[in-house]
Amino acid sequence: MVMPEDNNLAQLLNSLGLAMHAQAFEDNDVTLEVLRYLSDADLKELGLSLGHRRILLDAVSHAGGKKTRRRAWNASPEKLEPGERRQITVMFCDLVGSTEMSERLDLDDLQSLIHAYYSSCCNIIEDAGGFIARLVGDGILAYFGYPSAREDAAECATRASLKILEALGSARLSGTSHVNVRIGLATGMSVISDMVGSGFAERHAATGLAPNLASRIQEVATAGSVVVADDTRRLAGGLFIYADMGLHHLQGLEKPVHLWRVLGESPSSVRFDAYRTEIFECVGRDAELDTVLESWKLARLGQCRIVTVTGEAGIGKSRLLRTASERLARSSGLSVLLQCSPNQTTTPLHPLIAWIRREAGIGASNGSEDRGHIAAWLGGGATPLELALIADVLGVPVSGAEALPPMPPDRKPNLTREGLLRHFERHCESAAVLFMLEDAHWMDGATEDFLRSLFLRMRDRPFMALITTRPPEKRNWRDAAAVTEIHLEPLKDNDAEKLIHNVCHGKSLPPAVVSLILAKTDGIPLFIEELTASVLESGLLHDDSRSLAMHGPLPSLDIPSTLRDSLMARLDRLNGAKDVARVASALGREFSFSLLLRVTGQSPARLAAA
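Now for a look at the structure at hand. A quick note: this is a predicted structure, and the numbers were derived from the prediction, not measured.

Our focus in this paragraph is the packing of aromatic side chains. Applying the stated criterion across every chain yields a total of 12 aromatic pairs. A ring pair is formed by F424 and F435, whose centres lie 5.9 Å apart and whose planes are at 70°; its orientation type is edge-to-face. Linking F424 in helix α18 (residues 411-428) with F435 in strand β11 (residues 433-438), this pair joins segments that are 11 residues apart in sequence. For F424, a relative accessible area of 0% translates into the label buried. What makes F435 buried here is its relative accessible area of 0%. Through a chain of ring-to-ring contacts, three or more aromatic side chains come together here, namely W355, W377, F424, F435, F455, F463 and W477. Here R233 stacks its cationic end above the ring of W260, 4.5 Å away from the centre of that ring.

Okay, here's the thing in structure tokens:
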């Protein structure tokens with residue numbers, strides 16, 4: 001962002017889309033020079049919403065010296081810094097009926113309503129990992145997957161949209177109950193950069209189809225609905241329930257767009273299943289499966305075992321866990337699957353609570369009938385106090401004599417933990433318990449504390465925990481039980497070829513295509529599946545009885561959209577090494593250290609570390 005040299009604060013506010021606040025600044029004698037010293041609290045006192053405060057503070061913090069500012073203000077596009085190319089999910093949220101409200105409400109009431117609307121929506125978006133790019137009139141433009149990539153960007157955007165509808169539907173803003181929004185979501189490649197030129201300036205502008213598509217989709221959506229493009233639905237997977245809206249011809253687009261209305265979250269979806277339209281058998285993991293089975297044999301004899309499966313994203317941890325659970329299901333009395341989520345890392349006991357709600361059949365409405373579901377899930381051995389405690393932690397209302405009695409705040413979590421531990425103890429009395437925890441790298445502290453208590457209590461019982469996580473594994477469970485560690489490596493070429501064959505449903509690809517897939521995927525099962533599926537969907541192959549033949553020349557095999565977020569998130573975690581990786585990618589898959597040293601201009605020690 002650049003500052004006008006003539007101390008024209010109104011000009012700056014207008015360039016940022018914040019002209020509606022010019023009068024408030026003038027009434028409080030705030031000039032462009034004074035603006036540099038205002039804090040977030042000062043701007044809040046002036047009536048700016050959270051999103052507006054962020055935009056203005058960001059503009060001030062990025063302002064340079066006077067001479068530089070004049071050059072930037074008159075800059076032509078070719079002089080600008082290059083933008084960052086990445087896949088993002090774009091949200092466009094629009095307030096419905098704002099024109100009618102401006103006619104009906106007093107100006108002060110209207111300002112308070114708009115402020116409350118912005119604050120509510122922006123807080124939800126930022127809590128979900130979104131980035132507020134721009135506030136346009138009564139609309140909000142937000143990016144998910146920027147400035148840091150997220151492998152669950154589409155999921156986070158969809159969930160945040162539903163939360164906005166829920167929050168505005170249950171709240172009365174500025175004395176009116178008729179506040180509603182419509183939201184459009186789209187995913188695609190964009191170039192994000194600062195657009196600065198003569199007479200205009202915009203921070204974090206996204207160039208590409210996704211922002212325009214999200215805006216057009218929002219126009220199609222009805223009040224109180226979330227509508228997504230097909231790519232966004234595919235990336236968010238089966239974690240949500242959709243209504244098919246069919247093909248729509250949107251203004252400015254040549255081809256019709258397949259749209260889906262999001263009805264809500266899927267109550268019983270398992271993440272591994274939800275992200276895949278088809279699940280293939282586990283290949284190349286016989287030794288690892290044997291290790292799990294040996295630990296299970298010991299667990300059934302009353303020797304509590306913990307097996308940790310460590311590996312990078314896409315290496316096959318969830319597939320191994322799923323295959324092991326299928327083989328062990330017949331000999332287990334209780335099979336438990338807890339799933340940690342990247343957007344719930346600070347929510348206490350989220351994996352445990354989500355599992356109980358799923359297993360007990362607790363609905364989102366938390367109705368009075370859910371009390372019976374909890375009682376059925378706990379079984380006949382549970383006490384009335386345990387029932388009340390579990391209902392309380394799930395947020396299910398229980399009234400009358402069954403309600404939770406008054407107690408000190410520190411006593412309730414201890415009693416709840418004890419009640420859950422006894423629940424697992426009762427199951428161990430009849431048969432071995434298989435306890436699975438997925439994605440422990442996203443586990444919250446309260447869940448970790450509960451697991452340590454659980455493993456210590458199960459030390460001499462028929463119990464096995466199977467835990468998947470990404471490196472580096474920061475938790476040591478050896479103080480609670482015997483631990484077996486499994487580290488998953490990439491598949492060997494012969495196993496990778498078996499997986500390709502499975503994805504092709506037993507039909508053979510041309511050897512050149514197989515070699516190209518093997519070269520580009522480095523033995524990562526998820527990459528192999530997605531790249532093979534991309535080839536099958538490309539239209540370059542035709543079915544020739546038992547094999548698939550190529551129509552034309554060998555394709556270049558672009559990265560599928562389903563992998564872009566995951567790969568970019570992994571690059572973002574490299575921090576300082578990311579720029580080196582970018583340069584190296586331009587050199588090719590193989591290069592010498594000396595060549596990279598000359599191109600990057602870094603010191604040998606710094607480059608070696610990267």
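Moving on: the packing of helix α20 (residues 493-503) against helix α22 (residues 525-537). Contact geometry of α20 with α22 gives a least axis separation of 9 Å together with a crossing angle of 40°. By the angle class used here, α20 and α22 are oblique. Regarding α20 and α22, the two cross each other, and that crossing is right-handed. Residue-level inspection shows A496, L499, I500 and V503 of α20 in contact with α22, the latter providing P525, I528, E529, T532, A533 and L536. Residues belonging to the contact of α20 with α22 are distributed by class as follows: 8 nonpolar, 1 polar and 1 charged.

Reading the values: rules and limits
Residues numbered from 1 in each chain as written. Predicted model: local features only at pLDDT ≥ 70, side-chain atom pairs only at ≥ 80, totals over all residues. Heavy atoms only, no water. Phe/Tyr/Trp six-rings, centres within 6.5 Å; stacked < 30°, edge-to-face > 60°. Helix = DSSP H or I, 4+ residues; strand = E, 2+ residues; numbered from the N terminus. Buried < 20%, exposed > 50% of the residue type's maximum accessible area, 1.4 Å probe, protein only. Lys NZ or Arg CZ within 6 Å of the ring centre and 35° of its normal. Axes fitted to C-alpha atoms, helices over the stretch in contact; angles between N-to-C directions. Parallel < 35°, antiparallel > 145°, perpendicular 65-115°, else oblique. Left-handed = near helix turned anticlockwise from the far one by under 90°. Contact = heavy atoms within 4.5 Å. Nonpolar A, V, L, I, M, F, W, Y, C, P; charged D, E, K, R; others polar.

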